[in-house]
Amino acid sequence: MIAVLCGGVGAAKMLGGLVQVVDESEITAIVNTGDDTVMHGLAICPDLDTITYTLSGSVNPETGWGLTGESWQAMGALERLGGSDRTWFRLGDRDIGTHLYRTGRLAEGASLSEVTAEIAAAFGLRLALVPVSDDPIRTVLTLPSGAELAFQEYFVKLRHDVVVESVRYEGAARARPGPQVIEVLESADLVVIAPSNPVVSIGPILAVPGVTAVLERRRRDVVAVSPIVGGVALKGPADRLLVELGGEASADGVARYLAPWIGTLVIDELDAGLASLVADAGVRAVVAETVMSTPDRARNLAHTVLGSLGSPGQPRESSSQREPG
Ligand code: FO1
């Protein structure tokens, strides 16, 4: 069984590659909920939905989130009533159906894990899609002025075009891991950290009590894919956030950021020259084509990730691998 720690778009593509090479039922996706929000009273879980829509073939290919072939009647009606202050976060008519269902089921007393499994099944998914916690976690970004932004205000309303001084994951310290999370991390043959933003997508997962303890223990079985290629994030603000929070926007910067919890980092061919710096961080570097611009490339990357720990019985450590400290 393979456990995958997931954010949104990059993780959805990675999962799309993995399901081409292993049976979908062998995969558990443990998903960030720090981006979750309530808009107009509706419970919205962008990363869970992005994965559901992508794997079911119904994601909007232009945005990577939301549904394909959407209409926007509800947003138009809302705009007439409340103006753009109410419609900066765009909810398509069909997408709203998902949020109505989730909100209704949560109000009936179902847990987020239960509702997520129901939605995933309705979209035909066979993998286990699990929120990292059923308790609310909210990523909050603090600006140099001291002002605080909820994640979607930062990401969508301000188009992540502001300098961030610090990030916190509200609620994470007291959040209980989702029902299967720790057990899956303990028993998985391999734990994959998808090429998602290390700060705002993977960070909230790592902040849930119990998660890092398992990863530290199982570090040699944990492989991450760098979301930074050639010094830039393929999507979103990962490059700027890493720098703003005192790290570096590079494959080796990702290695140093994740070093306590990963034994291997898959880095892009463009960054092959950084492999020794990754090794200096105590992380084994595997060089591959990591940009998943087509389903074939996602499948190839999945092969690399699955093969990165070597075959059973084979030594896992290459000469460039060093344990930290
Ligand atoms: N991203 C945007 O850039 N603009 C939007 O209006 C927007 C709406 C939206 C609605 C539902 C949903 O599930 C995702 C949505 N996203 C939107 C994407 C979302 O903000 C990000 O993909 C993630 O939170 C970051 O992983």
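Residues numbered from 1 in each chain as written. Predicted model: local features only at pLDDT ≥ 70, side-chain atom pairs only at ≥ 80, totals over all residues. Heavy atoms only, no water.

A word on the sheet that holds strand β13 (residues 264-268)
Pairing is parallel across the open sheet formed by seven strands, whose spatial order is β5-β2-β1-β9-β10-β13-β14. The open sheet is flanked by β5 (128-131) and β14 (284-288), the only strands paired with a single partner. Recorded for the sheet is a direction-independent mean angle of 25 degrees between the axes of neighbouring strands. Inspection of the sheet shows strand β1 (residues 2-6) paired to strand β2 (residues 27-31) by five bridges, in the parallel sense. Bridge assignment links I2 to a residue of β2, and that residue is I27. (Pairing = 2+ DSSP bridges. Helix = DSSP H or I, 4+ residues; strand = E, 2+ residues; numbered from the N terminus. Axes fitted to C-alpha atoms, helices over the stretch in contact; angles between N-to-C directions.)

Re the state of the cysteines
Evaluated as defined, the whole model comprises zero disulfides. The closest cysteine sulfur to the non-disulfide-bonded C45 is located on C6, 14 Å from its own sulfur. (Disulfide = S-S within 2.5 Å.)

Brief notes about the packing of aromatic side chains
For the coordinates displayed, the defined rule picks out four aromatic pairs. Ring geometry for Y53 versus F123: centroids 5.4 Å apart, planes at 45 degrees, classification tilted. Within this pair, whereas Y53 is found in helix α2 (residues 46-55), its partner F123 is found in the loop between α5 (112-122) and β5, the two being separated by 70 residues in sequence. Residue classification places Y53 among the buried residues on the basis of a relative accessible area of 1%. Centre to centre, the rings of W88 and F89 are 6.0 Å apart; their planes meet at 75 degrees, and the pair counts as edge-to-face. (Phe/Tyr/Trp six-rings, centres within 6.5 Å; stacked < 30°, edge-to-face > 60°. Buried < 20%, exposed > 50% of the residue type's maximum accessible area, 1.4 Å probe, protein only.)

So, helix α8 (residues 198-206)
Burial analysis of α8 places nine of its nine residues in the buried class, the great majority of the element. With a side-chain oxygen lying 2.9 Å from the backbone nitrogen of V199, the N-terminal cap of α8 falls on N197. (Polar contact = N/O pair within 3.5 Å; in protein donor to acceptor, adjacent residues only side chain to side chain.)

Notes on the site of the ligand
Around the ligand sit 13 residues, and of these D35, D47, W65, R90 and Q152 come closest. Note that an oxygen atom of the ligand is positioned 3.0 Å from one of the side-chain N or O atoms of D47. With respect to the ligand, the side chain of Q152 contributes an N or O atom lying 2.7 Å from an oxygen atom. Summarising the interface, the protein chains cover 88% of the accessible area of the ligand, which totals 540 Å² for the free molecule. Class assignment for the residues of the shell around the ligand results in eight nonpolar, one polar and four charged. (Near = heavy atom within 4 Å. Areas by Shrake-Rupley, 256 points an atom, 1.4 Å probe, with all protein chains shown as cover. Nonpolar A, V, L, I, M, F, W, Y, C, P; charged D, E, K, R; others polar.)

Focus: the confidence of the model for the protein chain
Model confidence for the protein chain is summarised by a mean pLDDT of 94, while 95% of its residues fall at 70 or above. Under a pLDDT of 50 for its full length, residues 311-325 has, in the predicted model, 21 contacts with residues more than four places off or in other chains. (pLDDT = per-residue confidence, 0-100. Contact = heavy atoms within 4.5 Å.)

Quick look at the packing of helix α1 (residues 9-21) against α2
Taken N-terminus to C-terminus, the directions of α1 and α2 make an angle of 35 degrees; their axes are 9 Å apart at the nearest point. Considering only the axes of α1 and α2, their crossing is right-handed. Taken together, the residues of α2 that come into contact with α1 (itself represented by V9, A12, L15 and G16) are T50, I51, T54 and L55. Of the residues that constitute the contact of α1 with α2, the class distribution is five nonpolar, three polar and no charged. (Left-handed = near helix turned anticlockwise from the far one by under 90°.)

Quick word on the pattern of salt bridges
Enumeration over the complete set of coordinates arrives at 14 salt bridges. In this structure, R217 and E186 form a salt bridge, with 2.8 Å as the shortest nitrogen-oxygen distance. You can see R217 sitting in helix α9 (residues 211-217) and its partner E186 sitting in helix α7 (residues 181-187), a full 31 residues away along the chain. Judged by its relative accessible area of 38%, E186 falls in the partly exposed class. Of the charged contacts in the structure, one is a salt bridge between R256 and D252, with a shortest N-O distance of 2.8 Å. (Salt bridge = Lys/Arg side-chain N within 4 Å of Asp/Glu carboxyl O.)

So, unusual backbone geometry
One non-glycine residue, R159, lies in positive phi territory at about 50 degrees. Along the chain, R159 falls in the loop between α6 (151-157) and β8 (166-170). Judged by relative accessible area, R159 falls into the exposed class, the value being 67%. Even without being glycine, H160 reaches a positive phi, approximately 40 degrees. One can find H160 in the loop between α6 and β8. On the basis of relative accessibility, which here comes to 18%, the residue H160 falls in the buried class.

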